[in-house]
Amino acid sequence: MAAAARRRPIRVLIAKPGLDGHDRGAKVMARALRDAGMEVIYTGLFQTPEMIARAAADEDVDVVGLSILSGAHNALFPRIIEELGNAGLDDVLIVAGGTIPDQDIPVLRQLGVAAIFGPGTPLQKAVEFIRQHAPVREETT
Amino acid sequence: MSDLIERFLAGDRRALARLLTHAENRTELGRHAEQAIFGRTGRAQVVGVTGPPGAGKSTLVNALIREFRDRGRTVAVLAVDPSSPLTGGAALGDRIRMLENAGDPGVYIRSMATRGRMGGLALAVSSATHLLDAFGFDVILIETVGVGQGEVDIADIADTTVLLQVPGLGDSIQTIKAGILEIADILVVNKADQPDARQVVRDLRNMLLLGDHTSRTTPILETVATEGTGIPELASAIDAHYTHINQTGGREQRVHRRLLREVEQLAGERFERWFTAMLASDDLAAERQALLDRRVDPRSLAERIISHYAITHSGRRSG
């Protein structure tokens, strides 16, 4: 508790880009991150890349988590990352979860997605990754 | 460092977002920013929206954003949700109801966790309001956490406090209790399409009739926020109240009280931090033991620490 109070909470945006309506995974992840002491903003379904970037910028999050089950990641992720850059969020940690085939992972990693958590990933693994890799941006006084 | 403040003053939205984080985290830069921008504040119309969990606050705020935008005004929203008392984490879910305004540059929505603060708001809400005000938003809508009966901090911050009620929360005895109903400038019965809504309106009206008739009567409005029903009327009532308090000098009083209260809170916050550190420090190990051994009582120990504070701090001033 004392350690958690000393460091400010990591802020995470959980976003559902595109046209799939399944957000159980996103909600489970949001809940796990909340229970790990993070402040989680969930945007809901059917988000465009522009909406995700706007929310991430205005909410000034440290981490953007993209949940996708539609198979459109190769089309959507590059646009989201571009929009995040346009919004001035170059240092934000981007992670993804959902059904992303192994052969797509190298390309997405190269684009700037720091980690991809497929089905069956233990929650704790994702939580730990975010905790370790979220950018530290300022001192708390 | 001060580059952020300059960018803020030039109207850079991203700088606003960063400075809000600094305000929330109580950083040095956050304090500098507040000094730099405070002269520009005092122009925004601050509207508080409060009510029990699930009453429809976020949905109503979303409808109000659209209404005020249609009236040509820019709108910022601070949406407060609770932090976990166990882990400090938070799920901030208000934004999800406000997505239709996501692409409008005249709208800024920011979610905020209470971070342990009671009273329905986060500690940083005052600072955040100053930043949004100085940035030039015409209307600032502050949505509190879902409240029960006693979370009334919003009345210290807002020019106009809107309290939502919904059917199904109890009988007319609830309406004569002290607390949150007293701070409302406007009462809204949301979900007014539900069967018991009329009874809620009647109970609230009777509650008002029991009270003092000399001052302005609190309007009671009915809305169905999901459909936008009653929203133009609500926006007009908010504006009418704002005009009223401006004309009668009531706003000046409110602002005065608000700023003094903020000073009080900031000083209290600093003192509390000092006190907590002091209490845990090695210097007081013997006193803590004496407390555990029941040789000194809690009140005496508190008094002793406070006088110690007075001595060290007056000493610092003269020296």
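Each chain has its residues counted from 1, running along the sequence as written. Labels are handed out in written order, letters beginning with A for the chains and numbers beginning with 1 for the ligands. Reporting in this predicted model follows two pLDDT cut-offs: at least 70 for local features of residues, and 80 or more for side-chain atom pairs to be given and counted; totals over whole chains, interfaces and linings ignore these cut-offs and use all residues.

A. How the structure looks around the sheet that holds strand 4 (residues 93-98) of chain A. Spatially, 5(A)-4(A)-3(A)-1(A)-2(A)-3(B) is the arrangement adopted by the 6 strands of the open sheet, whose pairing is parallel. Among the strands making up the open sheet, the edge pair consists of strand 5 (115-117) of chain A together with strand 3 (90-92) of chain B. Pairwise comparison of adjacent strand axes, ignoring direction, gives a mean angle of 20 degrees for this sheet. For two strands to pair, DSSP has to find at least two bridges joining them. A run of H or I in DSSP counts as a helix once it spans at least four residues, and a run of E counts as a strand once it spans at least two, with each numbered from the N terminus. One ladder, built from 3 bridges, connects strand 2 (residues 39-42) of chain A with strand 3 of chain B; its direction is parallel. Looking at the pairing, Val40 of chain A lines up with Ala91 of chain B of strand 3 of chain B. Fitted lines through C-alpha atoms give the axes, limited to the stretch in contact for helices. The angle between two N-to-C directions lies from 0 to 180 degrees.

B. Representation of the pairing of strand 5 (residues 139-143) of chain B. Residue and element names in this part refer to chain B. With 5 of 5 residues buried, strand 5 is to be regarded as a mostly interior element. For every residue, the other C-beta atoms within 10 Å of its own C-beta are counted; 20 or more classify it as buried, 12 or fewer as exposed, and values in between as partly exposed. C-beta atoms are placed from the backbone. Side chains Val139, Leu141 and Glu143 of strand 5 all project onto a buried face; the interleaved residues Ile140 and Ile142 project onto the opposite face, where all are buried too. One ladder, built from 5 bridges, connects strand 1 (residues 45-50) with strand 5; its direction is parallel. Bridge pairing in strand 5 links Val49 to Glu143. For strand 2 (residues 75-81) and strand 5, the ladder comprises 5 bridges, and the chain directions are parallel. Each bridged residue has a counterpart across the sheet, and for Ala76 the counterpart in strand 5 is Ile140.

C. Structural view of the packing of helix 9 (residues 231-248) of chain B against helix 10 (residues 250-280) of chain B. Residues and elements named next belong to chain B. Interhelical geometry of helix 9 versus helix 10 gives an angle of 90 degrees and a closest axis separation of 4 Å. In terms of orientation, helix 9 and helix 10 fall into the roughly perpendicular class. Listed contacts from helix 10 to Ile245, Asn246 and Thr248 of helix 9 are Gly250, Arg251 and Arg254. Charged residues are taken to be Asp, Glu, Lys and Arg, nonpolar residues to be Ala, Val, Leu, Ile, Met, Phe, Trp, Tyr, Cys and Pro, and polar residues to be all remaining types, Gly included. The residue makeup of the contact of helix 9 with helix 10, split by class, is 1 nonpolar, 3 polar and 2 charged. Throughout this description, any angle smaller than 35 degrees is read as roughly parallel, any larger than 145 degrees as roughly antiparallel, any in the 65 to 115 degree range as roughly perpendicular, and the remainder as oblique. Here, residues touch in the contact sense if the C-beta positions derived from the backbone fall within 7 Å of one another.

D. View of the nonpolar core. Counting 119 residues, the largest nonpolar core has Val40 and Ala56 of chain A as the members making the most contacts within it. Excluding residues that lie within four positions of it along the chain, Ala56 of chain A makes contacts with Leu13, Val61, Val64, Leu84, Ala87, Leu89 and Val92 of chain A. A set of buried Ala, Val, Leu, Ile, Met, Phe, Trp, Tyr and Cys residues, joined to one another through C-beta atoms within 7 Å, is what we call a nonpolar core.

E. Quick peek at the packing of helix 2 (residues 13-24) of chain B against helix 5 (residues 125-135) of chain B. Residues and elements named next belong to chain B. The contact between helix 2 and helix 5 brings their axes to 9 Å, and the two run at 160 degrees. Considering the angle they form, helix 2 stands roughly antiparallel to helix 5. Crossing handedness for the pair helix 2 and helix 5: right-handed. Contact residues: helix 2 offers Leu16, Leu19, Leu20 and Ala23, while helix 5 offers Ser127, Ala128, Leu131 and Phe135. For the contact of helix 2 with helix 5, a count of residues per class yields 7 nonpolar, 1 polar and no charged. We call a crossing left-handed when the near helix sits turned anticlockwise from the far one by less than a right angle, and right-handed when that turn is clockwise.

Coordinates in, geometry out; function isn't part of it.
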